[in-house]
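# Structural characterization, general
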Amino acid sequence: MTSTTFSAWKTLAVAATASLALAGCTNSGDDSASDQPAGDDKQVVKESEASGPGCTLDKYGATKLDLKGAVVGFSQSEPDTAAFRAAETASIKSAAKDAGVKKLIVTNANAELPKQIADIQDMLNQGVQMLIVAPVNSDGLDPALAAAKQKGVPVLTIDRKVTNTSCSDYVAFLGSDFYDQGVRAADAMNEATGGEGKVAILLGSSGNNVTDERNAGFKEQVEKEYPDLEIVVEQTANFARDEGQTVTEQLLQSNPDITAIYAHNDEMALGAVTAVSAAGKDPGEDIKIVSIDGTRNAVQGIVDGDINAVIESNPRFGPLAFETMTKFYAGEEIPEDVIIEDDEYTSENAEQDLSKAF
Amino acid sequence: MTDTVSPTTTGAPAPEATGRSRRVDSDWVRRNGVFVALALLLLFNLVFTDNFATEGTLRLQLVQVAPVLIVALGMALVIGTEGIDLSVGAVMALAAALIPLYIGYGTGLAIGISLLAGVVVGLIAGVLVAHVGVQPIVATLGLMVAGRGVANLFGGQIKSIRDEGFRELGTGSILGIPYVVAIAAVIAVIVGLVVRRTTYGRQLVAIGGNKLAAELAGLPVKRVLVTTYVVSGLLAAMAGILLAARSQASDPTKLGLLMELSAITAVVIGGTPLSGGQVRILGTVAGALLMQLITATLIFHNIQDSWAQIVQAVIVIAAVYVQLGRGTTRKSRTT
């Protein structure tokens, strides 16, 4: 091989790798995935669960701020390739626009805690006056929260609660009650099966509070209310569609008498639908399927008769987040936990409410 | 067929006279341990696991292992050259992400473009390793990160694929054998023959055994290396396509995640040394089947996922330990 072709190869390889790397980079932090409509299902606060002692502007020690014309930061936890995250980010963006903020800075931690801490510190350096944070993890954000506190920037956490002290390290938590979602999934399973059946559970990722609470809620409700629903097996499928499929395929072989599947999220349920069909059974009929989230694909699955019910976990935090902070700056008392009301999709409302799905 | 090929001219140093039998023993374990373990686990399940000894269950294991096996076969070739290919999982995601974009123009065309993407990534890896001189682990690590980025860019959110031909590929069968399984079996036979019967195969093993000697002997080292990474990329793309066909969806963020580790595991527990110079195809097939069977066993007995991971880790460590067995026996003799 001559040296000319050699260096030509080299140039080609380096150029190709560089272009690949560049293309890879543009994916983080942009808004390519958020252009789709976020639907119109506005979050509503569950009045009964607004709990804990209230937090006021004075108690927190922040200075008054008019959100109109303010610089606001949003730290998203996971990539916007997941439907939930895309809808959440889009909702925050559109609500920020509606609130008339001067500038909204959005970062994405790609599910890495150290990156989220760096993201928040960066935004503080860029002069944000208020922060909305979707935490990567319940623990470990302390350095970022401390930095925000030092600069007197209030932090509102959404969708995942942190273990720090409310009204000191952060203002309040805005999110769903995952335990209650599990309880309602059990109720929906009772409806779908007529109260009798052998249930397999597809668990979310291990060591995740969403998994734990959605599982505890379901199992405790079944134990208490529905003695003829028997939970025969539970296996993790990591919130992923392909794992939902492969694990369900195995479960249908190991427990051929399964009549129902409860999946901790929609993606695993959609994987289960494929697996049940491939096994020559009718999903939604021979095997009842109930899941949690409310993605467009899963609600369409109800319309198609493959899935029996979906408990919603509403990702549209934008309007309520800005409403809550407007109240906070107006001197009103904000409860520690602002728990939202989640809807439910069944065969009765799936078709007409399909546009509400995310 | 025996599936071990060792370089005859560039082999390991001559065995010492003393301690020979112990070394032979550990070598026997390295070569055949995976077959024994596979047979034992299969026997255990057939006897003790409810609902295991059914046609459906056994067929399912073959269907599920097929994509892993296809990737592992390419990986075995790369490891044979004393390389490693960490980009395979990302290539799978990239190949799957391209399917929904082109399926509208025809099933065949979409599959062709996806395979081409695998070839391109493999070509880049091969050129970086062979011509630029980047270490395989570094070159393919870069492609792993960049490849998944590109897959996300093309694919975005998870997309369902509704195409009759594509569905048939994932769920159909020929003479009672699922296409997915038939494809994996054919590839295994082809790769096995290529390694044993072709000049390329012998050159690959020679290069892995001693690259310098191969260069001095005038072997086309660069061409063989580039070809090997291209084959690995092509096979990874094929596995990605088959996984997408099976789930009738393409998820660029999650498809093929950690597949590089599964493939390397299958190759290593199959007895192919990471130090190159040998390619064990039958061992790789057994290694992939063993990992699949372990997963199935744990699910069938409803054992928690965390335990499954621990069990897999223990097996990998045991396999690597057996590979190192030679060195440890020698050490234990001198102390």
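Residues numbered from 1 in each chain as written. Chains lettered and ligands numbered in written order. Predicted model: local features only at pLDDT ≥ 70, side-chain atom pairs only at ≥ 80, totals over all residues.

### As for the overall build of chain A
Just so we agree on the cut-off: What counts as a helix is a DSSP run of H or I of at least four residues, what counts as a strand is a run of E of at least two, and both are numbered from the N terminus. Exposure is read from a count of other C-beta atoms within 10 Å of each residue's own; the residue is exposed at 12 or fewer, buried at 20 or more and partly exposed in between. C-beta atoms are placed from the backbone. Any residue pair is listed as a contact if its two C-beta atoms, each placed from the backbone, are within 7 Å.
A tally of regular secondary structure across chain A gives 12 helices and 13 strands. Counting all 358 residues of chain A, 52% fall into the buried class. Residue pairs in contact within chain A that sit at least 24 positions apart in sequence constitute 77% of those at least 6 positions apart.

### Side note on the sheet that holds strand S6 (residues 172-175) of chain A
All names here are of chain A. Applied cut-off: Two strands make a pair as long as DSSP finds a minimum of two bridges between them. Helix axes use the C-alpha atoms of the stretch in contact, all axes being lines fitted to C-alpha atoms, and the angles between their N-to-C directions lie in the range 0 to 180 degrees.
Pairing within the open sheet is mixed, and its seven strands lie in the order S1-S12-S6-S5-S4-S2-S3. Both edges of this open sheet fall to strand S1 (44-45) and strand S3 (103-108), since each of them pairs with a single strand only. By the bridge criterion, four bridges tie strand S2 (residues 71-76) to strand S4 (residues 130-133) in an arrangement that is parallel. By the bridge assignment, Gly73 is partnered in S4 with Leu131. Strands in contact with helix H4 (residues 113-125) are S2, S3 and S4; relative to S2, the strand with the most contacts, it is inclined by about 175°.

### Details of the confidence of the model for chain A
Segments scoring low in pLDDT should not have their predicted coordinates read at a detailed level. Heads up, the rule is: Known as pLDDT, the predictor's per-residue confidence is scaled from 0 to 100.
Overall, the prediction assigns chain A a mean pLDDT of 86, with 87% of residues at 70 or greater. Throughout residues 1-38 of chain A the model reports pLDDT below 50, and contacts reaching past four residues in sequence, or to other chains, amount to 58 contacts.

### Side note on the nonpolar core
To keep things clear, this is the line we draw: Buried Ala, Val, Leu, Ile, Met, Phe, Trp, Tyr and Cys residues form a nonpolar core when they are connected through C-beta atoms within 7 Å.
The biggest cluster of nonpolar side chains holds 98 residues, and the ones touching the most others in it are B:Leu69, B:Val71, B:Ala72, B:Met92 and B:Leu94. At 17 residues, the largest contribution of residues to this core is made by helix H10 (residues 221-247) of chain B. Apart from the residues lying within four places of it in its own chain, the contact partners of B:Leu94 are B:Ala117, B:Val121, B:Gly147, B:Val150 and B:Ala151. A:Ala185, A:Ala263, A:Ala298 and A:Val310 belong to the second-largest nonpolar core, a separate cluster that totals 58 residues.

### Comments concerning the interface of chain A and chain B
Note the cut-off: Polarity classes work like this: nonpolar for Ala, Val, Leu, Ile, Met, Phe, Trp, Tyr, Cys and Pro, charged for Asp, Glu, Lys and Arg, and polar for all others, with Gly in that last group.
Taken together, the contacts link 40 residues of chain A with 40 residues of chain B. When residues of the side of chain A that touches chain B are traced back to their parent elements, those giving at least two are helix H1 (3-25), helix H3 (83-99), strand S8 (229-236), helix H8 (241-254) and helix H9 (266-278) of chain A. Of the residues forming the side of chain A that touches chain B, the biggest block, 12 residues, is contributed by H1(A). The class makeup of the residues in the side of chain A that touches chain B is 20 nonpolar, 16 polar and four charged.

### Focus on the packing of helix H3 (residues 88-102) of chain B against H10(B)
All names here are of chain B. Defined as follows: These descriptions rest on fixed angle ranges, namely under 35 degrees for roughly parallel, over 145 for roughly antiparallel, 65 to 115 for roughly perpendicular, and the rest for oblique. Here is the rule for handedness: rotate from the far helix to the near one, and if that takes an anticlockwise turn smaller than a right angle the crossing is left-handed, while a clockwise turn gives right-handed.
As a packed pair, H3 and H10 sit with axes 7 Å apart at the nearest point and diverge in direction by 55°. The angle between the axes of H3 and H10 places the two elements in the oblique class. Considering how the two elements wind past one another, H3 and H10 form a crossing that is right-handed. Residues Val88, Val91, Met92, Ala93, Ala95, Ala96 and Ile99 of H3 form the contact with H10, whose own contacting residues are Ser232, Gly233, Ala236, Ala237, Ala239, Gly240, Ile241, Leu243 and Ala244. Here the contact of H3 with H10 is built from residues that sort into 13 nonpolar, three polar and no charged.

### Describing the domain arrangement of chain A
Residues and elements named next belong to chain A. How we decide: An automatic or database domain assignment supplies the start and end points of every domain.
Looking at chain A, the domain boundaries give domain 1 (32-176 + 315-342) and domain 2 (178-313). The gap between the C-alpha centroids of domain 1 and domain 2 is 31 Å. On the side of domain 2, eight residues touch domain 1, which itself brings six residues to the contact. Residue composition of the side of domain 1 that touches domain 2, by class: three nonpolar, two polar and one charged.

### Observations regarding unusual backbone geometry
Residues and elements named next belong to chain B. At Leu258, a position not held by glycine, the phi torsion is positive, near 65°. Along the chain, Leu258 falls in the loop between strand S4 (249-250) and helix H11 (259-269). A count of 9 C-beta atoms within 10 Å places Leu258 in the exposed class. One non-glycine residue, Asn302, adopts positive backbone phi at about 50°. Considering the arrangement of structural elements, one finds Asn302 in the loop between helix H12 (281-300) and helix H13 (305-334).

### Focus: helix H2 (residues 55-80) of chain B
Residue and element names in this part refer to chain B. Here is the rule we go by: Expected span of a helix: the number of residues minus one, times 1.5 Å. Working definition for bend: take the seven residues up to and ending at a residue and the seven starting at it, fit an axis to each, and measure the angle between the axes.
Between its terminal C-alpha atoms H2 stretches 35 Å, which fits the 38 Å expected from 26 residues at 1.5 Å a residue. A bend of about 40° at Ala66 is the largest found in H2, and the proline Pro67 appears one to four places after it. Most of H2 is tucked away: 21 of the 26 residues are buried. After H2 finishes, the residue Glu82 shows a positive phi value of roughly 70°.

### Description of the sheet that holds S8(A)
Residues and elements named next belong to chain A. The six strands lie next to each other as S8-S7-S9-S10-S11-S13, forming an open sheet whose pairing is mixed. For this open sheet the edge positions go to S8 and strand S13 (344-346), each flanked by a neighbour on one side alone. Along the sheet, successive strands turn relative to each other by an average axial angle of 15°, direction set aside. Bridge analysis of strand S7 (residues 197-203) against S8 gives seven bridges, and the strand direction is parallel. Residue pairing for S8: Gly197 is matched across the bridge by Leu229. Helix H6 (residues 178-193) contacts S7, S8, strand S9 (260-263), strand S10 (288-293), strand S11 (309-312) and S13 of the sheet and is inclined by roughly 155° relative to S10.

### Focus on the pairing of S2(A)
Residue and element names in this part refer to chain A. Across the six residues that make up S2, a large majority, five, are buried. Alignment of S2 against S3, held across six bridges, turns out to be parallel. Residue pairing across strands places Gly73 opposite Ile105, the latter belonging to S3.

### Some details on the environment of A:Asp242
By the element assignment, A:Asp242 lies in helix H8. Remark: the alpha-carbon pair of A:Asp242 and A:Ile261, spanning 19 residues in sequence, is separated by 16 Å.

### Notes on the pairing of S6(A)
Two elements, strand S5 (residues 155-158) of chain A and S6(A), share three bridges in a ladder whose sense is parallel. Within S6(A), the residue paired with A:Ile158 across the bridge is A:Leu174.

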